[in-house]
Amino acid sequence: MAREDDAMPDIAEVTMVDVLRAVADPIRLRIVQTLADGLPHGKCGTHWDFGVHKSTMTHHFRTLRQAGLTRTVVSGRTHTVELRRDELDVRFPGLIDALTTAAGVPQRQG
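S.K.: Whenever I open this one, helix H3 (residues 54-66) confuses me. Can you help?
M.R.: Since the α-helix advances by 3.6 residues per turn, residues separated by three or four positions end up pointing in the same direction. With 13 residues, H3 extends 18 Å between its outermost C-alpha atoms, agreeing within 8% with the 18 Å of an ideal straight helix rising 1.5 Å per residue. The complete set of buried residues in H3 reads Met57, His60, Phe61, Thr63, Leu64 and Arg65. The secondary structure elements touched by the buried residues of H3 are helix H1 (16-23), helix H2 (26-35), strand S2 (70-75) and strand S3 (78-83). Count one or two residues on from H3 and you reach Gly68, which has phi positive near 95 degrees.

S.K.: Sorry, what's going on with the nonpolar core here?
M.R.: A general tendency of soluble globular proteins is for nonpolar side chains to be buried together. Within the largest apolar cluster, 24 residues are counted, with the highest numbers of intra-cluster contacts made by Ile31, Trp48, Leu69 and Ile96. Elements with a minimum of two residues in this core: H1, H2, H3, S3 and helix H5 (95-101). Per-element tally for this core: the top contributor is H2, with 4 residues.

S.K.: Can you help me understand H1 in this one?
M.R.: Of the residues making up H1, those classed as buried are Val19, Ala22 and Val23. Take H1 and look down its axis: the buried residues cluster within an arc of 90 degrees, on one side only. Those residues of H1 that are exposed and aimed more than 90 degrees away from the buried face are Val17 and Arg21. Residues of H1 that are buried in the fold lie against H2, H3 and H5.

What counts as what
- Residues numbered from 1 in each chain as written.
- Predicted model: local features only at pLDDT ≥ 70, side-chain atom pairs only at ≥ 80, totals over all residues.
- Heavy atoms only, no water.
- Helix = DSSP H or I, 4+ residues; strand = E, 2+ residues; numbered from the N terminus.
- Expected span 1.5 Å × (residues − 1).
- Buried < 20%, exposed > 50% of the residue type's maximum accessible area, 1.4 Å probe, protein only.
- Contact = heavy atoms within 4.5 Å.
- Core = buried A, V, L, I, M, F, W, Y, C linked by side-chain atoms within 4.5 Å.
- Arc of directions from axis to C-beta.

These figures capture arrangement, not role.
This is the structure:
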């Protein structure tokens with residue numbers, strides 16, 4: 001069951017300004033680039049070793065979720081985060097590709 005602080009906006013309410021404001025931070029952009037592979041990623045792990053405190057990462061994950069870029073899936077004590085890629089591609093065609101291509105991240109197939 002999702003808690004209220006795990007809520008994400010309906011994709012129709014997500015604005016380009018919200019998205020761009022969220023990815024303007026280099027760490028949040030790197031999170032989006034990591035998630036662009038289409039797989040859910042645990043909130044804990046070495047793939048998030050960006051040299052900041054856990055509380056700072058929590059803030060970045062929350063900001064991305066509240067901006068409509070990600071969803072958090074809670075299963076027991078496990079939290080995974082994933083990019084709302086399909087919804088974002090419909091709402092803002094080419095945006096995620098542009099954000100990942102600029103960094104040399106391989107494109108998702110399909």
